[in-house]
Amino acid sequence: MNEKIKLPKIAMGAWAWGDKDGYFGNTMTGEEFRPIFDKSLELGMNLWDTATAYSNGESEKILGGFVNDTGRDKVLVSTKFTPQMAAMYDNSVEKMCDASLERMNMDYFDIYWIHNPIGAPEYTKQLIPLLQSGKVKTVGVSNHNLAQIKEANEILTKAGFRVSAVQNHFSLMNRSSVDSGILDYCKENDITFYGYMTLEQGALSGKYDAKHLMPEGTARAAAFNPMMDKIQIIVAEMKKVAEAHGVSVAQIGTAYAIAKGILPILGVTKIYQVEEAAQTANIVLTDVEVTALEAAADKAGVESIQFWESKME
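Just so you know, these numbers come straight off a predicted model, no measurement behind them. The residue numbers shown here count from 1 along each chain, following its written sequence. Thresholds applied to this predicted model are a pLDDT of at least 70 for local features of residues and 80 or more for the giving and counting of side-chain atom pairs; totals over whole chains, interfaces and linings are not thresholded and use all residues. Hydrogens and water molecules were not included; the side-chain quantities draw on all heavy atoms of the structure.

**Student:** Quick question: what am I supposed to make of the pattern of salt bridges here?
**Tutor:** Once their charged atoms are close, side chains differing in charge can pair, the charge on each being opposite to the other. By convention in these notes, a salt bridge is any Lys or Arg side-chain nitrogen within 4 Å of a carboxyl oxygen on Asp or Glu. On inspection of all chains with the given rule, the structure shows 15 salt bridges. Across the salt bridge formed by D90 and K95, the nearest N and O atoms sit 2.6 Å from each other. Residue classification places D90 among the exposed positions, given a relative accessible area of 54%. A salt bridge links K240 to E237; the shortest N-O distance between them is 3.8 Å. Within this pair, K240 and its partner E237 are both found in helix 10 (residues 228-245), separated by three residues, close to a single helical turn. A single network of salt bridges, built from pairs that share partners, joins E31, R34 and D69. Throughout, exposure labels follow a simple rule: accessible area from a 1.4 Å probe, protein chains only, divided by the maximum for the residue type, with under 20% read as buried, over 50% as exposed, and the rest as partly exposed. Counting from the N terminus, the helices are DSSP H or I runs at least four residues long and the strands are E runs at least two residues long.

**Student:** Would you mind showing me how to read the packing of aromatic side chains here?
**Tutor:** One pair of aromatic rings is described through two measures. These are the centre distance and the angle between the planes. The criterion for an aromatic pair is that two Phe, Tyr or Trp rings (for Trp, the six-membered ring) have centres within 6.5 Å, with stacked assigned to planes under 30 degrees apart, edge-to-face to planes over 60 apart and tilted to the rest. Under the counting rule described, the total for this entry stands at 11 aromatic pairs. Residues F37 and W48 carry aromatic rings whose centres are separated by 5.7 Å and whose planes lie at 40° to one another, so their mutual orientation is tilted. Placement of the pair is F37 in helix 1 (residues 34-42) and W48 in strand 2 (residues 47-49), with a sequence separation of 11 residues. Residue classification places W48 among the buried positions, given a relative accessible area of 0%.

**Student:** What should I look at first to understand unusual backbone geometry in this one?
**Tutor:** Glycine aside, negative phi is the norm for most residues, and most peptide bonds take the trans geometry. Cis geometry is found at the peptide bond from A120 to P121, where omega equals 10°. Along the chain, P121 falls in the loop between strand 4 (109-114) and helix 4 (122-125). For M197, which is not a glycine, the phi torsion comes out positive at approximately 60°. Structurally, M197 is set in the loop between strand 7 (192-196) and helix 9 (219-224). By relative accessible area, which is 6% here, M197 ends up buried.

**Student:** Mind showing me how you'd approach helix 13 (residues 287-300) here?
**Tutor:** Because an α-helix completes one turn every 3.6 residues, residues spaced three or four positions apart along the sequence face the same direction. The terminal C-alpha atoms of helix 13, which comprises 14 residues, lie 20 Å apart, in line with the 20 Å expected from a rise of 1.5 Å per residue. Among the residues of helix 13, those classed as buried are E289, V290, L293, E294, A296, A297 and A300. Buried residues of helix 13, viewed axially, fall in a sector of 155°; they line one side. Helix 13 presents D287, V288, T291, D298 and K299 as exposed residues on the side facing more than 90 degrees away from its buried surface. As for helix 13, its buried residues are in contact with helix 10 and helix 11 (249-259). G301, located one to two residues past helix 13, shows a positive phi value of around 65°. To estimate the expected span of a helix, count its residues, drop one, and scale the result by 1.5 Å. It is the directions from the helix axis to the C-beta atoms that the arc portrays. Residues count as neighbours in contact if any of their non-hydrogen atoms are within 4.5 Å of one another.

**Student:** How do you make sense of the environment of T269 when you look at a structure like this?
**Tutor:** Tracing the backbone shows T269 in the loop between strand 8 (263-267) and helix 12 (271-280). Sequence separation between T269 and W15 is 254 residues, and the spatial gap between their C-alpha atoms is 9.6 Å. Not counting chain neighbours up to four residues away, the residues in contact with T269 comprise A16, M28, F33 and I36.

**Student:** It is not clear to me how the nonpolar core should be interpreted in this structure. Could you clarify?
**Tutor:** Taken as a class, soluble globular proteins show a tendency for nonpolar side chains to be buried jointly. Ranked by internal contacts, the top residues of the largest apolar core, which has 93 residues, are W17, W48, Y112 and I231. Dropping the residues within four chain positions of it, I231 is found in contact with M173, A203, L204, F224 and V302. Put simply, buried Ala, Val, Leu, Ile, Met, Phe, Trp, Tyr and Cys residues joined by side-chain atoms within 4.5 Å make one nonpolar core. Residues A11, L47, I111 and W113 belong to the second largest nonpolar core, which totals 10 residues.

**Student:** Mind showing me how you'd approach the sheet that holds strand 8 here?
**Tutor:** The pairing of strands in a sheet comes from backbone hydrogen bonds and takes either a parallel or an antiparallel form. The pairing criterion is simple: DSSP has to find at least two bridges between the two strands. Strand order in this closed barrel of eight strands is 1-2-3-4-5-6-7-8, and the pairing throughout is parallel. Each neighbouring strand pair of the sheet contributes to a mean axis angle of 30°, computed without reference to strand direction. Taken together, the four bridges between strand 3 (residues 76-81) and strand 4 define a ladder with parallel strand orientation. When the bridges of strand 4 are listed, F81 appears paired with I114. Here an axis means a line fitted to C-alpha atoms, over the contact stretch when the element is a helix, while the angle between two N-to-C directions is reported on a 0 to 180 degree scale.

**Student:** Got a minute to help me understand helix 12 in this structure?
**Tutor:** Burial in helix 12 covers these residues: V274, A277, A278 and T280. Considered in projection along helix 12, the buried side chains sweep an arc of 160° and stay on one side of the axis. On its buried face, helix 12 sits against strand 1 (11-13), helix 1, helix 11 and strand 8.

**Student:** Could you clarify how one ought to interpret the pairing of strand 5 (residues 136-142) in this entry?
**Tutor:** One face of the sheet, then the other: side chains in a regular strand alternate in exactly this way. Of all the seven residues making up strand 5, six are buried; the element is thus mostly covered by neighbouring parts of the structure. With five bridges connecting them, strand 4 and strand 5 associate as parallel partners. When the sheet's bridge partners are listed, I111 is paired in strand 5 with T138. Pairing between strand 5 and strand 6 (residues 165-169): three bridges, direction parallel. Note on strand 6: the bridge partner recorded for G140 is A165.

Next up, the structure:
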């Protein structure tokens, strides 16, 4: 069976690391991320998430270098098999995993994911040899709906393993994994639910508003700037809660996810983001605050389903 891994309350995300496509508008070089990585370990944030698809392996390469310099046993490493890239690896999950292991100079991954349900369940079946060989300790599925998660779990259970984790888009602007019953299924089956884009790539950070938009020319600006006025309805309520706790708006977005029983993945490109994440793990929202935040989100009436996603139903 899958090994049980002790996880922190929040994962650090390296999605923006090595970005050369202008998605995040990031111009940082690999070595500039080192202080961020070092600070995360200093503060006990030792779970890092990446993927082959993030800048075509550049994110993995940068992160792998830091992990090896620090000591492999000190870091939990999570990366992904992306079906859209499968042809480059002869449609083999193992070959893509092996390439990631080589790129990151590692012998195993703590968590390995099927990035989305394209090609499922065939790719899920290919996780089994990786588990048997020890190349991956646990496996998860990402961007899967409830029926697809159950199917994956059934496939793995027959081989003596299981789905240990689910990773879907989750935020105050996207609660479809709650509404669809996915979160309840995960809780009932001891599956850790990871939420990515908890702060909607900064749209829920409190940094932007209708007068201070995201930098033009980036993909996230194209996605969020047109609805920034409605997003402010949510951010206004987040500010109220943030003031009550003496923390930042961004920390409330993350604390909300934790309050829902979710392990958020925070993309970090600055040291203060890591420091805030460590503080956020100790914020406890009341039921009244959670209800008020969700009411504001309902009032705003905005959805943030991205081009690679489908609504969880």
